[in-house]
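Observations on the model geometry
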Amino acid sequence: MELDPLLLSRIQFAFVVCFHAIFPVFTIGLASFIAVLETLSFKTGNPLWQQLSKFWIQVFAVVFGMGVVSGIVMSFQFGTNWSNFAYATANFLGPVLSYEVVTAFFLEAAFLGVLLFGRDKVPQGVHLFAAIMVATGTFISSFWILSANSLMQTPAGLELRDGMYYVASWSEALFTASFGYRFLHMALASFLTAALVVAGVSAWFVLQKREFDANRKALSIALWMLLLLAPLQAVVGDFHGLNTLKHQPMKVAAMEGNWETREGVPLLLFAIPDKEQQQNHFELGIPKLASFILTHDWNGTVPGLKEVPVEEQPPVFIVFWSFRVMVGLGLLMIAVGVWGLVLRPGGRYYRSVAFLQTLRLMSISPFLAVLAGWVVTETGRAPWLIYGQMTHAQGLTPSLTGGMALFTLIGYVVVYSLVFSSGVYYLLKVFRGGLEKANAPHEMDEVERPMRPFSAAHASLEGDK
Amino acid sequence: MAQPFDLTLIWAGIIAFGVMMYVLMDGFDLGQGILFPFAPTEHHRDVMMNSVAPVWDGNETWLVLGGAGLLAAFPLVYAVFLPALYIGVFLLLAGLIFRGVAFEFRFKAKTSRYLWNWAFAGGSIVASFAQGAVVGAYIQGFATENFRYVGGALDWLTPFTVITGLGLVAGYALLGATWLIMKSEGEVQQWAYKIAPRLLLAVLVVFAVISVYTPFVDARVMSRWFDSFSLLWILPVLAMYCAWVIYSSLKQKREGTPFVATMGLFLFTYLGLLGSKWPYMVPPNYTLWDAASDYSSQLFLLLGFLFVIPIVLAYTAWTYWVFRGKVKQGGYH
Ligand code: HDD
Ligand code: HEM
Ligand code: HEM
């Protein structure tokens, strides 16, 4: 069997970027949460805020460490597997990625040390400032990288000459049509991730009656966030989709599983899209709703996949179902947020065991939604790498063979599995240690040393000491 | 657009500087990993790791910057080197990952500590070897056509690149040992004094082999050095002088000089290499002007760099200042 370097590279890229994406989406939200806790602590002087902050900083340190390690790989992926793409877009992509390093990564590195280890060494105000700077850094990082991604979705501001792109207008290239929506949607996704993880972990502590007062406060904040942000995310997502309809109609056609361009398209709840036969099996839908959502007219016309040749259609099945996973989880989040509000009077939200257990389960939902969302965005762009301009096949490294790609794909899977399992194992220990351990006065034993993300966490890797 | 300055030259300078920064800074902490298996006791290893723990992370950010900076200023280098060195790049990244997590986990581990020792040592050695092989591959040149790499997956792996790979492993070990002399005391320092001269010898042997070999690998280099007497000869002379300083300062048990002189040895060798290859950025076919990105992109990034890089350097210097002095038993407290 002939190994296909294109397919293997796509699998590899999808794997490493999804692996990476899990961490930033959490650190971005968590950094802001910590900044809020530090601000509350600074303003009110209530020791509970500081206890919470100490605990969540430990979690942050571990996740951030994993984000850095996996991120280093990302910055070389473009060159190793997609060198034609990297070369053609270098005039834009190069400066953008470089700016990300100098404006975000160095900033984060600079203030991370103070945030993790400086609590007793610098005045509280400086410590708070460090927390805010780290949070800012994560947003600056998202700005650059999402700008790069949005350009691939909705290219603008570039000129193609002799196979190379030249930047005609930096402002147009940095702020393309989809950038604003993507940035907002991603920022909300990060906040939702932080809110749901904090809610889940706090619920677990509350169930165990551990550090009840502090954890109940954290739970309460997280639930307000959820209640507010989950519906907002749906609204932003809707606008995002309308914008996509305008610029990438085939992606929307795939999300809706719509083959023919026609009026009064139903919103499909279930279907098995079949690209070979160019139709759906087992359709179940609400009549005309998709037309209404997308065009705000019950009889509006929605483009269908058959407008383009089969080779230019994205993998419909994947896009269709990933989209339903994301939206489904989004609706679930709204429901849980409302449930929390209903339980609010009389403080039943921290007494109802069913609710607390649900929150525990929900803490993985944002990660699933984020990955599903990225799969919609990225797979829905297929076969284009730069929408309408450069295909995956054109962007591939010409000298790459199937064997080479397979070798590194297996390599990354093995390396990441080892790293990830150690990381998760350690994170669970930090959770088990809870606020008590994070706040225990501990003499620094010989295994501690400063300035490293993980050494901010005090659990040991094995055993309970 | 009018081009009042040749930004390509400025960028060549910035990238050359960045690479040198990376080599010197990550070099001594990779060196700790290379020396790890040879350390007599676990206590030695604690001190070794502690001596670089606060700074290695920042050091590696320079590598990320190097990658992104190359893409921005000399995309051809990025788009030829990475495909040509595909397998090597993977080994480099895998090495750095294992090393990175070993830093994090070794201090937390008790019974599994030996595993993290191996992850740290193995990761460092593989990463250093891969970097040395990159240098060798650069000297050899790449099979290119129409601005694309057209060679095979393992073209870079030749006896010559194996030698340069081993050479860099030895060189980083020497940097690591002299760094340790500066940062430690007592038995750890004694041990470092003992191994440093042997490492120096290994480095000199490899350098000699490379110097003899290089002109035969690349005829252009041959003519540059031997056709007429050139000022370039001052660089190997200075490098040899540094080697002598390392040797004598080790004998006199000086603490800072060996490290500084080793950095000098690296610097002059590096300049010699650049001098041999100038102005070829992707040998044998493309010069730095062929490899450069568009003027407006170079300018766009340069403006930001001029503003941000000084701040980054100041912060870096500050970190080293905070963690100055000897590593005491059990690390910085
Ligand atoms: C929306 C956010 C986001 C997205 C889509 C990406 N990243 Fe990321 N990345 C971050 C947000 C982030 C971050 C929050 O800024 C991280 C997480 C942990 C950290 O250190 O910074 C980070 C770390 C990180 C690092 C390590 C930085 C360091 O050394 O400190 C690199 C090199 C990259 N990323 C590169 C990439 C590339 C090439 C991506 C494109 C596919 C990418 N990231 C997607
Ligand atoms: C961090 C969040 C991201 C996730 C989870 C993600 C996910 C994915 C997935 C699943 C694919 C595979 C699509 C397919 O081949 O069917 C893909 C492709 C791709 N993405 Fe992303 N992506 C992310 C961010 C980015 C960014 C920021 C960029 C560019 C700046 C980018 C560039 C690409 C490229 C070049 C491909 C083509 C390679 C391929 O098809 O696998 N991605 N991404
Ligand atoms: C509830 C209703 C939601 C709607 C209507 C919605 C809509 C969309 C649409 C249309 C896209 C694709 C945009 C494009 O590719 O052009 C998208 C992408 C995405 N979604 Fe959602 N979404 C919803 C909920 C969520 C939730 C709850 C999360 C995570 C917590 C999430 C995370 C993402 C991410 C990470 C992407 C990829 C990045 C991007 O293109 O913005 N979404 N969403």
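Residues numbered from 1 in each chain as written. Chains lettered and ligands numbered in written order. Predicted model: local features only at pLDDT ≥ 70, side-chain atom pairs only at ≥ 80, totals over all residues. Heavy atoms only, no water.

- An unreviewed UniProt entry lists chain B under the name Cytochrome d ubiquinol oxidase subunit II, from Rheinheimera baltica.
- The record held by UniProt for chain B lists under Sequence similarities (unreviewed entry) the comment "Belongs to the cytochrome ubiquinol oxidase subunit 2 family."
- Reading the Subcellular location (unreviewed entry) entry of the UniProt record for chain B gives the comment "Cell membrane". (UniProt positions renumbered as here; feature names shortened; annotations may be inferred.)

- As annotated in an unreviewed UniProt entry, chain A carries the name Cytochrome ubiquinol oxidase subunit I and is attributed to Rheinheimera baltica.
- The heading Sequence similarities (unreviewed entry) in the UniProt record of chain A holds the text "Belongs to the cytochrome ubiquinol oxidase subunit 1 family."

1. Considering the UniProt feature "transmembrane region" (unreviewed entry) in chain B
Residues and elements named next belong to chain B.
- Here, the residues flagged by UniProt with the feature "transmembrane region" (unreviewed entry) are residues 7-25, 76-102, 114-139, 159-183, 195-216, 228-247, 259-280 and 300-323.
- Taken end to end, residues 114-139 comprises 100% helix and 0% strand; its first and last C-alpha atoms sit 38 Å apart.
- The span residues 195-216 shows a helical share of 100% and a strand share of 0%, and its end C-alpha atoms are spaced 33 Å apart. (Helix = DSSP H or I, 4+ residues; strand = E, 2+ residues; numbered from the N terminus.)

2. A closer look at helix α12 (residues 365-379) of chain A
Residues and elements named next belong to chain A.
- Over its 15 residues, α12 runs 21 Å from end to end, which matches the ideal 21 Å to within 8%, given 1.5 Å per residue.
- Every buried residue of α12 is listed here: Ser365, Pro366, Phe367, Ala369, Val370, Ala372, Gly373, Val376, Thr377 and Thr379.
- Residues of α12 that are buried sit in contact with α1 (5-44), α4 (124-153), α6 (179-207), α8 (249-256), α10 (316-343) and α11 (353-362). (Expected span 1.5 Å × (residues − 1). Buried < 20%, exposed > 50% of the residue type's maximum accessible area, 1.4 Å probe, protein only. Contact = heavy atoms within 4.5 Å.)

3. Concerning the site of ligand 2
All names here are of chain A.
- Lining the immediate environment of ligand 2, one finds 19 residues, of which Arg10, Trp374, Glu378, Leu385 and His392 sit closest.
- Within the side chain of asparagine 149, one N or O atom sits 3.4 Å away from a nitrogen atom of ligand 2.
- A distance of 2.5 Å is found between a nitrogen atom of ligand 2 and a side-chain nitrogen or oxygen belonging to glutamate 378.
- Element by element, the count of residues in the shell around ligand 2 is highest for α1, at six residues.
- Residues that form the shell around ligand 2 fall into these classes: 13 nonpolar, three polar and three charged. (Near = heavy atom within 4 Å. Polar contact = N/O pair within 3.5 Å; in protein donor to acceptor, adjacent residues only side chain to side chain. Nonpolar A, V, L, I, M, F, W, Y, C, P; charged D, E, K, R; others polar.)

4. Focus: the nonpolar core
- Ranked by internal contacts, the top residues of the largest apolar core, which has 240 residues, are Phe55(A), Trp56(A), Val59(A) and Phe74(B).
- Setting aside residues up to four positions removed in sequence, Phe55(A) forms contacts with Val201(A), Phe205(A), Val430(A), Phe431(A), Gly434(A), Leu435(A) and Ala438(A).
- If you look at the next biggest cluster of nonpolar residues, it comprises 23 residues, including Met250(A), Met255(A), Leu267(A) and Phe323(A). (Core = buried A, V, L, I, M, F, W, Y, C linked by side-chain atoms within 4.5 Å.)

5. Looking at the coordination of the iron atom of ligand 1
- Of the protein atoms, His20(A) (NE2) alone serves as a donor to the iron atom of ligand 1, at 2.3 Å.
- Positionally, His20(A) belongs in helix α1. (Donors = N, O, S within 2.8 Å, 3.2 Å for Na, K, Ca; no water.)

6. Quick word on the interface of chain A and chain B
- Counting residues at the interface gives 68 residues for chain A, matched by 66 residues for chain B.
- Here chain A packs against chain B, burying approximately 6200 Å² in sum over the two surfaces, 72% of which is carbon and sulfur.
- Applying the counting criterion to the chain A and chain B interface returns zero salt bridges.
- One can count 10 residue pairs in polar contact (both at pLDDT 80 or more) joining chain A with chain B.
- Those elements that place two or more of their residues in the side of chain A that touches chain B are α2 (47-81), α3 (83-117), β2 (164-167), α5 (170-174) and α14 (402-439) of chain A.
- Top element by residues in the side of chain A that touches chain B is α3(A). It accounts for 18 residues. (Buried area = accessible area lost by both parts, 1.4 Å probe. Salt bridge = Lys/Arg side-chain N within 4 Å of Asp/Glu carboxyl O.)

7. Description of the packing of aromatic side chains
- Counting across every chain of the model gives 49 aromatic pairs over all chains.
- A centroid spacing of 6.0 Å and a plane angle of 50° characterise the contact between Tyr412(A) and Tyr416(A), whose relative ring orientation is tilted. One end of the pair is Tyr412(A) and the other is Tyr416(A), both in helix α14 and four residues apart, which spans about a single turn.
- Joined through ring pairs, the aromatic side chains of Phe92(A), Tyr99(A), Phe139(A), Phe143(A), Trp144(A), Trp170(A), Phe175(A), Phe179(A), Phe183(A), Phe191(A) and Phe300(B) make up one cluster.
- Geometry around Phe320(A) places Arg324(A) over its ring, the cationic atom sitting 3.7 Å from the centre.
- The lysine or arginine in question, Arg344(A), covers the ring of Tyr349(A), its NZ or CZ lying 4.5 Å from the ring centre. (Phe/Tyr/Trp six-rings, centres within 6.5 Å; stacked < 30°, edge-to-face > 60°. Lys NZ or Arg CZ within 6 Å of the ring centre and 35° of its normal.)

8. Description of the coordination of the iron atom of ligand 3
All names here are of chain A.
- Distances from the iron atom of ligand 3 to its protein donors, namely His185 (NE2) and Met326 (SD), fall within the range 2.1 to 2.3 Å.
- Looking at histidine 185, the relative accessible area reads 18%, which means it is buried.
- A relative accessible area of 18% means that methionine 326 is categorised as buried.

9. Brief notes about the site of ligand 1
- Near ligand 1 you find 20 residues, and of these His20(A), Phe64(A), Val68(A), Gly71(A) and Ser141(A) are the closest.
- With respect to ligand 1, its neighbouring residues span chains A and B.
- With respect to ligand 1, the side chain of Glu108(A) contributes an N or O atom lying 3.3 Å from an oxygen atom.
- A distance of 2.8 Å separates an oxygen atom of ligand 1 from a polar atom in the side chain of Ser141(A).
- Breaking the shell around ligand 1 down by element, the ones donating at least two residues are α1, α2, α3 and α4 of chain A.
- Sort the elements by how many residues they give to the shell around ligand 1 and α2(A) lands first, with eight residues.
- Split by residue class, the shell around ligand 1 holds 12 nonpolar, seven polar and one charged.

10. Quick notes on unusual backbone geometry
- Omega for the peptide link from Ala382(A) to Pro383(A) comes to 0°, which places this bond in the cis form.
- Note that Pro383(A) resides in the loop between α12 and β7 (384-386).
- Here the amide bond leading from Trp278(B) into Pro279(B) is cis, since omega sits at -5°, within 30 degrees of zero.
- Topologically, Pro279(B) is positioned in the loop between α11 (257-277) and β3 (280-282).
- Even without being glycine, Gln278(A) reaches a positive phi, approximately 55°.
- Looking at the secondary structure, you find Gln278(A) in the loop between β4 (267-274) and β5 (279-286).
- With a relative accessible area of 14%, Gln278(A) lands in the buried category.
- Although it is not a glycine, Lys253(B) adopts a positive phi angle of roughly 55°.

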